[in-house]
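One-letter residues, chain by chain:
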Amino acid sequence: MTLDQACKLEFGGAIKPGTLKAEHRRGNLVLERIGNKDFVTRIAIREMRRKCQVDQSERARDFGFSQSARIATAASRPHGGSSVTATQSAALDALKVSVAGLKRH
């Protein structure tokens, strides 16, 4: 189905095709591009929704904190946590290395 159809059928029009494209860029949604049109399957939508679920204990723990505070708190934990935390930490480490390299030049 087209992204527009998916938005209407699967989400009752609550989201727009641009939201699905953004989830594709984030790696949460598999799209099919035929010609110059993007299509999605119901199975791909179900998989995206599974990937995008928010853990209730995480929501309660993060209540009242800004995004930057959550990232800083997650980065300060030495071990454990979700793979998202590890990915964020790895991205932050890579950014620090890049900045250090630019400062040297």
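The text that follows walks through the structure, step by step, so that each part is easy to find. (Residues numbered from 1 in each chain as written. Predicted model: local features only at pLDDT ≥ 70, side-chain atom pairs only at ≥ 80, totals over all residues. Heavy atoms only, no water.)

Side note on the pattern of salt bridges
Counted according to the given criterion, the structure contains 5 salt bridges. The partner of Arg26 in a salt bridge is Glu23, with the nearest N and O atoms 2.6 Å apart. Its relative accessible area of 13% is what places Glu23 among the buried residues. As a salt-bridge pair, Glu47 and Arg50 come within 2.5 Å of each other at their nearest N and O atoms. (Salt bridge = Lys/Arg side-chain N within 4 Å of Asp/Glu carboxyl O. Buried < 20%, exposed > 50% of the residue type's maximum accessible area, 1.4 Å probe, protein only.)

Considerations on a nonpolar patch on the surface
On the surface, a nonpolar cluster with roughly 230 Å² of combined accessible area is contributed by Leu92, Leu95 and Val99. Positionally, Val99 belongs in helix α6 (residues 83-104). (Patch = residues over 30% accessible without salt bridge, like charges linked within 9 Å, V, L, I, M, F, W, Y side chains within 5 Å. Areas by Shrake-Rupley, 256 points an atom, 1.4 Å probe, with all protein chains shown as cover. Helix = DSSP H or I, 4+ residues; strand = E, 2+ residues; numbered from the N terminus.)

Looking at the environment of Thr19
Its location among the elements puts Thr19 in helix α2 (residues 17-25). Along the backbone, Thr19 and Cys7 are 12 residues apart, and their C-alpha atoms lie at a distance of 9.1 Å.

Regarding the nonpolar core
Residues Leu3, Ala6, Cys7, Phe11, Leu20, Leu29, Leu31, Val40, Ala44, Ile45 and Met48 constitute the largest nonpolar core, which totals 11 residues. Element by element, the count of residues in this core is highest for helix α1 (residues 3-11), at 4 residues. (Core = buried A, V, L, I, M, F, W, Y, C linked by side-chain atoms within 4.5 Å.)

A word on the side chain of Asp38
With respect to the helices and strands, the residue Asp38 is situated in strand β2 (residues 37-39). By relative accessible area, which is 12% here, Asp38 ends up buried. Reaching out from Asp38, the side chain makes a polar contact with the side chain of Arg33 at a distance of 2.6 Å. Setting aside residues up to four positions removed in sequence, Asp38 forms contacts with Met1, Thr2, Leu3, Lys21, Leu31, Glu32 and Arg33. (Polar contact = N/O pair within 3.5 Å; in protein donor to acceptor, adjacent residues only side chain to side chain. Contact = heavy atoms within 4.5 Å.)

Don't take any of this as a statement about function, it's just geometry.
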